Each structure stands twice: as C-alpha cells, then as structure tokens.
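# Breakdown of the fold
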Amino acid sequence: KTAIYSSTAARFETLAAEFGLPFVCKEPRSSSGLGVFLIKSPEDFSMYQTGSSTVYVQEYLEIDRDLRVVIIGDNVVTAYWRVKPPGAFHNNVSRGGMIDRTGIPGPVVDEVAYVSRRLGIDYAGFDVAVTGTGVFLLEFNQFFGTRGIQRNSVDLGKKIYRYLLSNALNTPTTTCRLSSSKAS
C-alpha cells in the first residue's frame, strides 16, 4: 500500500492508523536508499518531514531482500536479489546489501517487463518485494545504482548505446537550418 500526501495534511497518528507501525516514508527523487526512512515514532516522522513538502508513504513489508530488475528498452538487462545485512533496514547495495543471483522468479521478471512496456518506461531499475502474500512493486528509479549490474559483467554503456542507436534508426529525423547559417 502506498499513498502520497501534502506534508501539511499528513499527521503521524493518521498514517500510523492507516499503515500500522512501523511504516516507510520516502523523499521524492532520491536513490541509493538515501531519503528512505523507517518511521517508528512521531519523532522519526518529524525528522523525515523537515525535508519535503510531499509525504510519500508505504506500508512496511517484513522482507530480507527485494528484487532489482533493470530494463533498457523492452529488454531485461539483469535481475538480482538485493539482500539486506543482518539488523539493517535498507536492501540497497550502496548501503551494504549483498547481491544474490539465485532463484530469480522468471514470472515476476516478466511481469516487470510488461509493466515497463505498458508505462512506456525504457530505462529504469524496478524494485519488487516478493512475499508470502503477494508481489509488490515498491518503486522504479531512473537514477538507480549500477553496482549489481557491474558485478554481472553486463556492459551497461554498450546496452544503452545499442538501444539509443536502434531507436535513432527507427525514428524519423528532420533537417533544420541553424540560425547562424548564411544563405547564399
């Protein structure tokens, strides 16, 4: 469950009643686990609220890992689990999470690819929680960490270049005269 509120309208008591404790708050446009807070108390919520006019809230899911699925164009470049360290809150590799490439659920990866196509998202890292009660798309980020890709020996630069090149070849182009050009 996710909700977005104005910071002036959001109250800790209301959010705690709706989402239970703890709950997660995120700052818009953040990445690498920065701007993601586990809210357990009114004090935690006050510290989070100082940085944003928008309150982005998610239900806390008790998971030890999430699935990162990287999409370029219509293709899944890689998928891997991000496993949080013992006692930690964040799964992010940049915050100490470990990469595990075993047991990647193909149907979940296929569903993420479908969602990215339907939304017209051609470059992003999708984070997915797989739980006993269902599969949850936590977020997608176009400024995602690439450490997991680097450890998979995928050359991200080449993949992006090939995608852009193939799109450029399939996109109509127009020629225009620059204003500094002199007519003869």
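The structure we're discussing is the one just above.
First, a word on scope: everything that follows refers to the structure included in this document. (Residues numbered from 1 in each chain as written. Predicted model: local features only at pLDDT ≥ 70, side-chain atom pairs only at ≥ 80, totals over all residues. Heavy atoms only, no water.)

Turning next to the environment of Asp-74. Along the chain, Asp-74 turns up in the loop between β5 (65-72) and β6 (75-83). Accessibility expressed as a relative area gives 56% for Asp-74, which makes it exposed. Each C-alpha atom of the pair Asp-74 and Tyr-114 lies 8.7 Å from the other, and the pair is 40 residues apart in sequence. (Helix = DSSP H or I, 4+ residues; strand = E, 2+ residues; numbered from the N terminus. Buried < 20%, exposed > 50% of the residue type's maximum accessible area, 1.4 Å probe, protein only.)

For the rest of this paragraph, the subject is the sheet that holds β5. One open sheet holds the 5 strands; their spatial order is β7-β6-β5-β8-β9, and the pairing between them is antiparallel. What marks the edges here is a single partner per strand, and that holds for β7 (98-100) and β9 (134-141). With strand direction ignored, the average angle separating the axes of adjacent strands in the sheet is 30°. As judged from the 3 bridges shared by β6 and β7, these two strands associate in the antiparallel manner. Of the residues in β7, the one forming a bridge with Trp-81 is Asp-100. (Pairing = 2+ DSSP bridges. Axes fitted to C-alpha atoms, helices over the stretch in contact; angles between N-to-C directions.)

Enumeration according to the criterion identifies 9 aromatic pairs in this entry. Ring centres of Phe-23 and Phe-45 lie 6.3 Å apart, and the angle between their planes is 65°; this geometry places the pair in the edge-to-face category. With Phe-23 in strand β2 (residues 23-26) and Phe-45 in helix α2 (residues 42-49), this pair connects stretches of sequence that are 22 residues apart. Residue Phe-23 shares its accessibility class with Phe-45, and that shared class is buried. Through pairs of rings, three or more aromatic residues link up here, namely Phe-12, Phe-19, Phe-23, Phe-37, Phe-45 and Tyr-48. (Phe/Tyr/Trp six-rings, centres within 6.5 Å; stacked < 30°, edge-to-face > 60°.)

On to the pairing of β2. Here β2 shows two buried faces, one formed by Phe-23 and Cys-25 and the other by Val-24 and Lys-26. Across 4 bridges, β2 lies against strand β3 (residues 36-39) in antiparallel orientation. Looking across to β3, one finds that Val-24 is bridged to Leu-38. Relative to strand β4 (residues 54-59), β2 runs antiparallel, the two being bridged by 4 bridges. What sits directly across from Phe-23, in β4, is Glu-59.

Along the chain, Asp-110 turns up in helix α3 (residues 106-119). C-alpha of Asp-110 to C-alpha of Asn-75: the two residues are 35 residues apart in sequence and 9.9 Å apart in space.

Purely spatial values, then, with no claim about function.
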